[in-house]
Amino acid sequence: QLQLAESGGGLVQPGGSMRLSCAASGFTLDYYSIAWFRQAPGKEREGVSCINKFATTNYADSVKGRFTISRDNAKRMVYLQMNSLKAEDTAAYYCAVNVECFDSPDTWASRDTSWGQGTQVTVSS
C-alpha cells in the first residue's frame, strides 16, 4: 500500500524559509515520480512541484526560483525547500505518488494518484 506522510509545516513570516518533508512507505520510492500540491481555503488544489525518478523537476510558474524539490531515495524522502515565502503561499501542502511530471501542473495528478494527509503552511507576520 502506497503511503505518504508530510511534515515540516507551520507559521513563517513573509520572506522566510521552510522545508517540507514527505516520507514514503509501502513502495520503492526509486521507481516513482512524486509531486507536491497545495490547496488554500476556497481555492482549487494546484500543483507546486514535481520530480520524476530521474530527478528531473518541474515547477508551477508561481514558485519558480523560490521553491526547490529534491529526493533522497535511500532515506525514502522527498523534500520541498521553500524560500522567499509570500502570504499567497499559505495553504495545506500535500505530497502525492502515481503522478506524471508533465510540463503543466494541471496534468500531474490522475484518478490513480495517492495522497498524504497534508501539512499546513501559514505565511503571516
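Conventions adopted
Counting from 1, residues in each chain are numbered in the order their sequence is written. Only residues with pLDDT of at least 70 get local features here, since the model is predicted, and only at 80 or more are side-chain atom pairs given and counted; chain-wide, interface and lining totals rely on the full set of residues. The side-chain values count all of the structure's non-hydrogen atoms but skip hydrogen atoms and water molecules. Put simply, DSSP H or I for four residues or longer makes a helix, DSSP E for two residues or longer makes a strand, and each gets a number counted from the N terminus. Just to be clear, the radius of gyration here is over C-alpha atoms, and the globule rule we use is 2.2 Å times residues to the power 0.38. Exposure classes here rest on a 1.4 Å probe applied to the protein chains alone. A residue is buried below 20% of its type maximum, exposed above 50%, and partly exposed in between. Strands qualify as paired when DSSP identifies two bridges or more between them.

Visitor: What is the right way to look at the overall build of the chain in this model?
Guide: Tallying secondary structure elements over the chain gives zero helices and eleven strands in all. The secondary structure elements of the chain, listed N-terminal to C-terminal, are β-β-β-β-β-β-β-β-β-β-β. Taken against the 2.2 N^0.38 rule, which gives 14 Å for 125 residues, the C-alpha radius of gyration of the chain at 13 Å falls within 12% of a compact globule. In terms of its C-alpha atoms, the chain occupies a principal-axis envelope of roughly 40 × 25 × 25 Å. Counting every position in the chain, which comprises 125 residues, the buried fraction comes to 44%.

Visitor: Looking at this structure, how should I read the pairing of strand β9 (residues 91-97)?
Guide: For a regular strand, side chains alternate in direction, first toward one face of the sheet and then toward the other. The element β9 is largely enclosed, with a buried count of six among its seven residues. As defined by bridge partners, β9 adjoins strand β11 (residues 119-123) across three bridges and the pair is classed as antiparallel. In the strand pairing of β11, Y93 is matched with T119. With two bridges joining them, β9 and strand β10 (residues 114-115) adopt antiparallel strand pairing. Paired with V97 across the bridge in β10 is S114.

Visitor: Sorry if this is basic, but what is going on with the pairing of strand β7 (residues 67-72) here?
Guide: Side chains F67, I69 and R71 of β7 all project onto a buried face; the interleaved residues T68, S70 and D72 project onto a face where none is buried. Sheet analysis places β7 next to strand β8 (residues 77-82), joined by six bridges and oriented antiparallel. Residue I69 lies in a different strand from β8, and its bridge partner there is L80.

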